[in-house]
Amino acid sequence: MATDDYTANTYSPHIEPDGQPFIQVNSVWKVFGRNPDRVFDPQYAGRDKPFFQSELGNVIGLQDVSFEVDRGETFVIMGLSGSGKSTMVRCLIRLIEPTTGQIIIDGRDITGMSDKELMEFRRANIAMVFQHYGLQPHRNVLDNASWGLEVQGVAKQERYARTKEVLDLVGLGGWEEAYPRQLSGGMQQRVGLARALAVDTDILLMDEPFSGLDPLIRRQMQDELLRLQNELHKTIVFITHDLNEALNLGDRIAIMHDGQVAQIGSPEDIVLRPEDEYVGDFTQDVRLESVLTANKVMVTPKATVMGHQGPRAALHTIGNSDGDAAWVVDMREHYIGMLTITDAERALRAGVKRIDEAWEYVDREYQAVSPSTTFDELIPVAMSSNFPVPCCDENNVLVGEVHRSALAEALAETSTPNTDYEANAAENATLSEESGR
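Residues numbered from 1 in each chain as written. Predicted model: local features only at pLDDT ≥ 70, side-chain atom pairs only at ≥ 80, totals over all residues. Heavy atoms only, no water.

## Remarks on the sheet that holds strand E11 (residues 304–306)
Logical step 1: Strands sit in the order E11-E12-E13 across an open sheet of three strands; the sheet is mixed. Looking at the sheet topology across the chains shown, the edges are occupied by E11 and strand E13 (335–340). Sheet twist, expressed as the average angle between the axes of neighbouring strands with direction ignored, equals 35 degrees.
Logical step 2: Strand direction decides the pairing type here: E11 and strand E12 (residues 325–329), joined by three bridges, are parallel. From the neighbouring strand, Thr 304 faces E12, where its bridge partner is Trp 327.
Logical step 3: Sheet contacts for helix H14 (residues 341–349): E12 and E13; angle to E13, the most-contacted strand, approximately 85 degrees. (Pairing = 2+ DSSP bridges. Helix = DSSP H or I, 4+ residues; strand = E, 2+ residues; numbered from the N terminus. Axes fitted to C-alpha atoms, helices over the stretch in contact; angles between N-to-C directions. Contact = heavy atoms within 4.5 Å.)

Following this line, the structure appears as structure tokens:
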């Protein structure tokens, strides 16, 4: 579901079986210029970036950067020009060599690999999508999108078959024979995305892939990426300078400033609990309705009945809930619809024995939302009915309900973002520990 600004996502950490995250970045520095190691001399401890540049001729690209990314997570690194975000994503696979620090991906130390090991690892495990699509003008869409498989030595028939499936996935089915000059910017970027997906790597590195597109096309590509990620569950490291894009796409966001990580957190953490003045200034104009989600206010469903039950049992359940309706679910708790107390009474008078034998009494069109639905979408749904709003996960399992009063209370509580930066940092650290990170 899209909104006018962005759709915040509910992040569920996936820790590897050995307890380690999928990607670990530990105290990475990148110093440009001659003799970069002198920056670490104790006599220069505490010096800032301008000093190193003016006195030593060294530019600090990254300064003690650490973060972790879980498998299947979309991790956004966001910052303005010169913040170090693009340097960081290139250091991840040593397109730029880190000066010091350690990078571990899927248990393998990238910083300790030989050139041959690194090349093999890149080909098998990582695909990149850049702002500039890098399409070869003399190749058609099919050959451009299958280029990564060709480099891997995949036979022509197999790579074409695999690539056609991916082109269908990104909405380019039927364009296989077209050439880049015949495509719009958004379509060219879809070819670049298809090329990355065709090699079927675990990790996608995306360096400002949509920044050169018109605003409308850019938003469409963001929605497309969200749709694909919902299906494919790739591990994505996404670079952007646009806060709305970061909040739209990221399960978690790292905001960078002057080569350092200013804050890491969920979209809600970043907006509601900024840890320093820089992050607070960055997010001060964000509309809360566009970042708060149903997950924040949903509660356990008060009344549920199964389809094989009868209206008498439904009336008993509704009565005990102190409400006026119940959610109808199947044996696996998949949401079916809403049964009001009025319709349950009608069904009882009609002699109905089982609800699933008389679906006409159930409102099967009553709209459910996902836990990641933003308040922007949720408020109109809640205001259009006197009943709560059911929440279902991606498998249509009923996981909660949202009451209109809870929406109002949440907006009132968060109407003024907290600018007690030390308290926010402590709270975010506590939340991080509680989530198992």
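## Looking at the pairing of strand E1 (residues 23–32)
Logical step 1: The buried fraction of E1 amounts to seven of the 10 residues, a majority that puts the element mostly inside the structure.
Logical step 2: Judged from the five bridges that link them, E1 and strand E4 (residues 100–105) form a sheet pairing that is antiparallel. If you follow Trp 29 over to E4, its bridge partner there is Thr 100.
Logical step 3: In this sheet, strand E2 (residues 59–69) lies alongside E1 in antiparallel orientation, the contact comprising seven bridges. Directly across from Phe 32, in E2, lies its bridge partner Val 59. (Buried < 20%, exposed > 50% of the residue type's maximum accessible area, 1.4 Å probe, protein only.)

## Some points on helix H8 (residues 215–232)
Logical step 1: When the terminal C-alpha atoms of H8 are compared, their 25 Å separation across 18 residues agrees well with the 26 Å that a helix rising 1.5 Å per residue should span.
Logical step 2: Buried residues along H8 sit in contact with strand E3 (74–78), helix H6 (156–169), helix H7 (185–198), strand E7 (203–207), strand E8 (235–240) and helix H9 (243–249). (Expected span 1.5 Å × (residues − 1).)

## Things to note about H7
Logical step 1: The terminal C-alpha atoms of H7, which comprises 14 residues, lie 20 Å apart, in line with the 20 Å expected from a rise of 1.5 Å per residue.
Logical step 2: Most of H7 is tucked away, with 13 of its 14 residues classed as buried.

## Observations concerning empty space enclosed by the protein
Logical step 1: Evaluation of the coordinates by the stated rule reveals three cavities of 30 Å³ or more.
Logical step 2: In this structure, the largest cavity encloses a volume near 40 Å³.
Logical step 3: Within the residue set of the lining of the largest cavity, elements represented by two or more residues are H7 and H8.
Logical step 4: Of the residues forming the lining of the largest cavity, the biggest block, four residues, is contributed by H8.
Logical step 5: Looking at the lining of the largest cavity residue by residue, the classes come out as seven nonpolar, one polar and one charged. (1 Å grid on protein atoms, 1.4 Å probe; cavity = no way out; pocket = protein on both sides within 12 Å on 5 of 7 lines; lining within 4 Å. Points joined across faces, edges and corners; volume = space filled by probe spheres on them. Nonpolar A, V, L, I, M, F, W, Y, C, P; charged D, E, K, R; others polar.)

## A short note on the sheet that holds E7
Logical step 1: Spatial strand order, E6-E7-E8-E3-E9-E10: six strands in an open sheet with mixed pairing. Only two strands of the sheet have a single neighbouring strand rather than two, namely strand E6 (126–130) and strand E10 (260–265). Taking each pair of neighbouring strands and ignoring which way they run, the sheet shows an average axis angle of 15 degrees.
Logical step 2: Note that E7 and E8 share five bridges and pair parallel. Residue pairing in the sheet places Ile 203 in a bridge with Thr 235 of E8.
Logical step 3: Running over the sheet, H7 touches E6 and E7 and is turned about 170 degrees from E6.
Logical step 4: Along the sheet, H8 contacts E3, E7 and E8; its crossing angle with E8, the most-contacted strand, is approximately 165 degrees.

## Some words on the pairing of E6
Logical step 1: Burial analysis of E6 places four of its five residues in the buried class, which makes it a mostly covered element.
Logical step 2: Bridging between E6 and E7 involves five bridges; their strand directions are parallel. Each residue of the ladder has a partner; that of Val 129, found in E7, is Met 206.

## A word on the nonpolar core
Logical step 1: Membership of the largest hydrophobic core comes to 62 residues, with the highest contact counts inside it found for Leu 193, Met 206, Phe 238, Ile 253, Leu 378 and Val 402.
Logical step 2: Looking at this core, the element that brings in the most residues is H7, giving seven residues.
Logical step 3: Ignoring any residue separated from it by four or fewer positions in sequence, one finds Leu 378 in contact with Ala 294, Val 369, Thr 373, Val 389, Val 402 and Leu 407.
Logical step 4: One finds Val 65, Met 88, Ile 103 and Ile 203 within the second-largest nonpolar core, a separate group that totals 29 residues. (Core = buried A, V, L, I, M, F, W, Y, C linked by side-chain atoms within 4.5 Å.)

## Overview of unusual backbone geometry
Keep in mind that most residues, glycine aside, have a negative phi and that most peptide bonds are trans.
Logical step 1: Residues other than glycine seldom take positive phi values, yet Asp 106 does so here, at roughly 50 degrees.
Logical step 2: Tracing the chain through its elements places Asp 106 in the loop between E4 and strand E5 (108–109).
Logical step 3: A positive phi is found at Asp 322, a non-glycine position, where the angle reads about 60 degrees.
Logical step 4: Residue placement: Asp 322 occurs in the loop between helix H13 (311–321) and E12.

Shape is all these values report; function is a separate question.
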